[in-house]
Amino acid sequence: MRWSARLTGVPWRAAPPNGAGTDEGTPSTDGVVVPGQRDPIGPTTAAELLDPHKPQNLREVLNRIPAPVAVTYGPLHQLGYANRAYRELFGDRPTGLPAGEALPELGTMGVLPLMDQVIRGGRPRSVKARCILGLTGNRYYNVSCVPLGTGDTGDAPAEGPPAGVLVFAAEVTDQVLAAARLREAERRQREAAVTLQRSLLPQKLDQPADLRVAATYQPGGAEAAVGGDWYDVIAIAGGRTALVIGDVMGRGLRAAAVMGQLRTAVRAYARLDLPPHEVMCLLDGLAMEIDANQIATCTYAVWDPQHRTLSYASAGHLPMLLRCPDGTILRSEEQNGPPLGTGGGLHVSHTLRLLPGTTGVLYTDGLVERRDEDIDQGLDLLARTLTGAIGAPEVICARLLRAMGVTSEHDDDVAVLAFQLPGEEGAENPLAALDSAIPEA
């Protein structure tokens, strides 16, 4: 099968039969002029073409290579030869001197220790993206060090250490600069997302007289994109307080923007004085309108100081943890509704009576989820940590982050909301449940 290609505006030309008309401008038997072979680099005479079947002079071959090449010999790496590209990059180099003196640029790039390894082990070594300050400015190269034989010409491998080292540098300046521009663009985008995220979170939490609350948000490290974690504390009618924690799936500006819309909607729905499960139904419909391909998890709880009850509903979010006055840790394991944005799910409200001195924690998955561990291990560790985390809510938030290993280089963003009922003397019974489930209206 024969393939052919035609450039735009170039007429078709017939192929010469039986090899006739192969020279430039030579007519074939049918009178059609057929162009001959052309060098894609430039005009080359027959004398300049290298015969692959003849032995060639090594210096002549290396001098044709457009990349910097240097050849050293002996354990001191005495310079034997530097090709034209090497001299154009660094200037003339004296031969016969050790590389530490003749090739100081290799020491700056950390290549000299690699050359020692090549002499000792007889295997190639390389380094990547090393900056070279040459006569033409800063350039970046991948540098390879290849062992040269001992001079034996037989088929059997040579014995003893290599006679020298060939240093070859391949320029990667364009790739390095492009990668640097990409990292800078990602850094700016991340800073914009973090700024948007923090601006959408409450700058100051409401502090009810009968409930102490504190929250913290820790964005992921430089290698992690900002997510859609949020929290809120909302004062509603009757002296009650709504506590909210949520997490929009996804990363970047889009997740932060969706988070802002959901948080604003929660504040509006909270003032309608609706049960938690109805608030979840409204949020579910709104999430589908915002972006049908993006889901979110959320827990919405309402503290009623008059009846000392906490009513809550969860849309696919992680369980709330409660520490009773006697130190017992309880985990909300009741029926959990589907995440927001899935549509058509059943959301259920649950009601608990809290004793004075009870501490509760709402959090996002970045606090307990690790790539190499099951999430239940993280939940168990958080429960054990909460047992010994004594103090005000802001102290508890800080201790939980520290104990769970959340730092500025964490691979996911984390939001934690802690609330605490003032303690009273004489409290005896632990947490008690009232209505186990109030179905969706």
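What you see is a predicted model, and the numbers here were worked out from it, not measured in a lab.

Colleague: Summarise the overall build of the protein; cite the residues concerned and give the values.
Modeller: Of regular secondary structure, the protein possesses 10 helices and 18 strands. When each of the 441 residues of the protein is scored for burial, the buried share is 41%. Long-range contacts, defined here as pairs at least 24 residues apart, represent 62% of the contacts in the protein between residues at least 6 apart. By element, 53% of the accessible surface of the protein is carried by carbon and sulfur atoms, the whole surface being about 24000 Å².

Colleague: Please give an account of the nonpolar core that cites residues and values.
Modeller: Within the largest apolar cluster, 48 residues are counted, with the highest numbers of intra-cluster contacts made by W230, L262, L283, Y300 and F419. Where this core is concerned, the elements lending two or more residues are β8 (212-218), β9 (228-235), β10 (241-248), α7 (253-270), α8 (276-290), β11 (296-304), β12 (309-315) and β17 (414-420). With residues up to four places along the chain from it excluded, the contact list for W230 reads L201, V244, I245, G246, D247, V248, M259, L262, R263, V266, T297 and C298. With 24 residues, the next largest nonpolar core counts L103, L114, V127 and Y141 among its residues.

Colleague: I'd like a rundown of the side chain of D247, residues and numbers included.
Modeller: Here D247 lies in strand β10. Of the residues examined, D247 reaches a relative accessible area of 5% and is grouped as buried. Excluding residues that lie within four positions of it along the chain, D247 makes contacts with G228, D229, W230, A296, T297, H317, T364 and D365.

Colleague: Explain the packing of helix α9 (residues 375-388) against helix α10 (residues 393-403) to me, and be specific about the residues and the numbers.
Modeller: Contact pair α9 / α10: the axes reach a minimum separation of 10 Å and the direction vectors enclose 140°. As judged from the angle between their axes, α9 and α10 are oblique. Here the hand of the crossing between α9 and α10 comes out right-handed. Contacts between α9 and α10 involve L382, T385, L386 and G388 from the first element and I396, R399, L400 and A403 from the second. For the contact of α9 with α10, the per-class residue count stands at 5 nonpolar, 2 polar and 1 charged.

Colleague: Lay out the pattern of salt bridges in plain terms, naming residues and giving numbers.
Modeller: In total, this model carries 9 salt bridges according to the counting rule given. Residue E184 pairs with R188 through a salt bridge whose shortest N-O separation is 3.0 Å. With E184 and R188 both in helix α6 (residues 173-200), this residue pair falls 4 residues apart, about one helical turn. The class of R188 is exposed, set by a relative accessible area of 56%.

Colleague: Tell me what's going on with the packing of aromatic side chains, and back it up with residues and numbers.
Modeller: This structure, assessed with the given rule, holds 1 aromatic pair. For the ring pair Y86 and F90, a centre distance of 4.9 Å and an interplane angle of 50° mean the geometry is tilted. Taken together, the positions of Y86 and F90, both in helix α2 (residues 84-90) and 4 residues apart, correspond to about one turn of that helix. In this structure, Y86 and F90 share a single accessibility class: buried.

Colleague: Describe the environment of A268, naming the residues involved and giving the relevant values.
Modeller: Inspection of the secondary structure puts A268 in helix α7. Accessibility expressed as a relative area gives 43% for A268, which makes it partly exposed. Sequence spacing of A268 and I234 is 34 residues, and the spatial spacing of their C-alpha atoms is 9.9 Å.

Colleague: Account for the sheet that holds β17, naming residues and giving values.
Modeller: Pairing is antiparallel in the open sheet, where 5 strands are placed in the order β8-β17-β16-β13-β14. In this open sheet, the two strands that pair with only one neighbour each are β8 and β14 (329-331). Within the sheet, the average angular offset between the axes of one strand and its neighbour, ignoring direction, is 15°. As paired elements, β8 and β17 share 7 bridges and run antiparallel to each other. Pairing of T216 across the sheet is with V416, part of β17.

Colleague: A description of the side chain of R323 should follow, citing residues and the corresponding values.
Modeller: The topology assignment puts R323 in strand β13 (residues 321-323). Despite its burial, R323 pairs with no opposite charge; the closest candidate is D326, at 8.2 Å N-O. A polar contact of 2.8 Å, which involves the side chain of R323, links it to the backbone oxygen of L386. Residues contacting R323, with those up to four places away along its chain left out, are T328, I329, G357, T358, T359, L386, T387, A389, I390, I396 and Q420.

Colleague: Give a description of a negative patch on the surface that names residues and reports values.
Modeller: Side chains of D372, E373, D374 and D376 sit close together on the surface and give a patch of like negative charge. Tracing the sequence through the fold places E373 in the loop between β16 (359-363) and α9. By relative accessible area, which is 40% here, E373 ends up partly exposed.

Colleague: If you had to explain the pairing of β10 to someone new, which residues and values would you point to?
Modeller: Each regular strand carries side chains that alternate between the two faces of the sheet. β10 sits mainly inside the fold: 8 of its 8 residues count as buried. Residues of β10 alternate between two faces, with T241, L243, I245 and D247 on one and A242, V244, G246 and V248 on the opposite face, all of them buried. Relative to β10, β9 is paired through 8 bridges, and the arrangement is antiparallel. Bridging from a neighbouring strand, D232 pairs with V244 of β10. From the end of β9 to the start of β10, which pair antiparallel, there are 5 residues, and G238 there has a positive phi angle of about 75°. As defined by bridge partners, β10 adjoins β11 across 8 bridges and the pair is classed as antiparallel. Paired with D247 across the strands is T297, a residue of β11.

Colleague: Pulling in residues and values, what's your account of α7?
Modeller: Helical periodicity: at 3.6 residues per turn, an α-helix aligns residues three or four positions apart in one direction. Compared with the 26 Å implied by 1.5 Å per residue over 18 residues, the 26 Å span of α7 between its first and last C-alpha is a close match. Taken as a whole, α7 has its buried residues at A255, A256, V258, M259, G260, L262, R263, A265, V266, Y269 and A270.

Analysis parameters
- Per-chain numbering applies: the sequence of each chain, read as written, is numbered from 1 onward.
- Only residues with pLDDT of at least 70 are given local features in this predicted model, and only at 80 or more are side-chain atom pairs given and counted; all residues enter the totals for whole chains, interfaces and linings.
- Excluded from the side-chain calculation are hydrogens and water; included are all heavy atoms of the structure.
- Only DSSP runs of H or I with at least four residues qualify as helices, and only runs of E with at least two residues qualify as strands; both kinds are numbered from the N terminus onward.
- Each residue is assigned to one of three classes by its accessible area relative to the maximum for its type, calculated with a 1.4 Å probe on protein chains only: buried under 20%, partly exposed between the two thresholds, exposed over 50%.
- Only heavy atoms enter the contact rule, under which two residues are in contact if any of them lie within 4.5 Å.
- For the area figures, the Shrake-Rupley method with a 1.4 Å probe applies, and any residue is considered shielded solely by the protein chains shown.
- Among the buried residues, those of types Ala, Val, Leu, Ile, Met, Phe, Trp, Tyr and Cys that are joined through side-chain atoms within 4.5 Å form a nonpolar core.
- Here the axes come from fitting lines to C-alpha atoms, over the contacting stretch only for helices, and the angles between their N-to-C directions go from 0 to 180 degrees.
- Here roughly perpendicular refers to angles of 65 to 115 degrees, roughly parallel to angles under 35, roughly antiparallel to angles over 145, and oblique to all remaining angles.
- What makes a crossing left-handed is the near helix being turned counterclockwise from the far one by less than a right angle; a clockwise turn instead makes it right-handed.
- Residues are grouped as follows: Ala, Val, Leu, Ile, Met, Phe, Trp, Tyr, Cys and Pro are nonpolar; Asp, Glu, Lys and Arg are charged; every other residue, Gly included, is polar.
- Think of a salt bridge as a Lys or Arg side-chain nitrogen and an Asp or Glu carboxyl oxygen that are within 4 Å of each other.
- Note on ring pairs: Phe, Tyr and Trp rings are taken, using the six-membered ring of Trp, and paired if centres are within 6.5 Å. Classes follow the plane angle, with under 30 degrees stacked, over 60 edge-to-face and the rest tilted.
- In this scheme, strands are said to pair when DSSP sees at least two bridges between them.
- As used throughout, the charge tally considers Lys and Arg to be positive and Asp and Glu to be negative, leaving His and the chain termini uncounted.
- N or O atoms closer than or at 3.5 Å make up a polar contact, with two conditions inside protein: a donor-capable atom paired with an acceptor-capable one, and, for residues adjacent in sequence, both atoms drawn from side chains.
- By definition, no residue in a patch forms a salt bridge, and every one has over 30% relative accessible area; like charges are joined within 9 Å, nonpolar side chains (Val, Leu, Ile, Met, Phe, Trp, Tyr) within 5 Å.
- A charged residue contributes its charge at one atom only: NZ of Lys, CZ of Arg, CG of Asp or CD of Glu.
- What a helix should span is 1.5 Å times the count of its residues minus one.

By themselves these figures say nothing about function.
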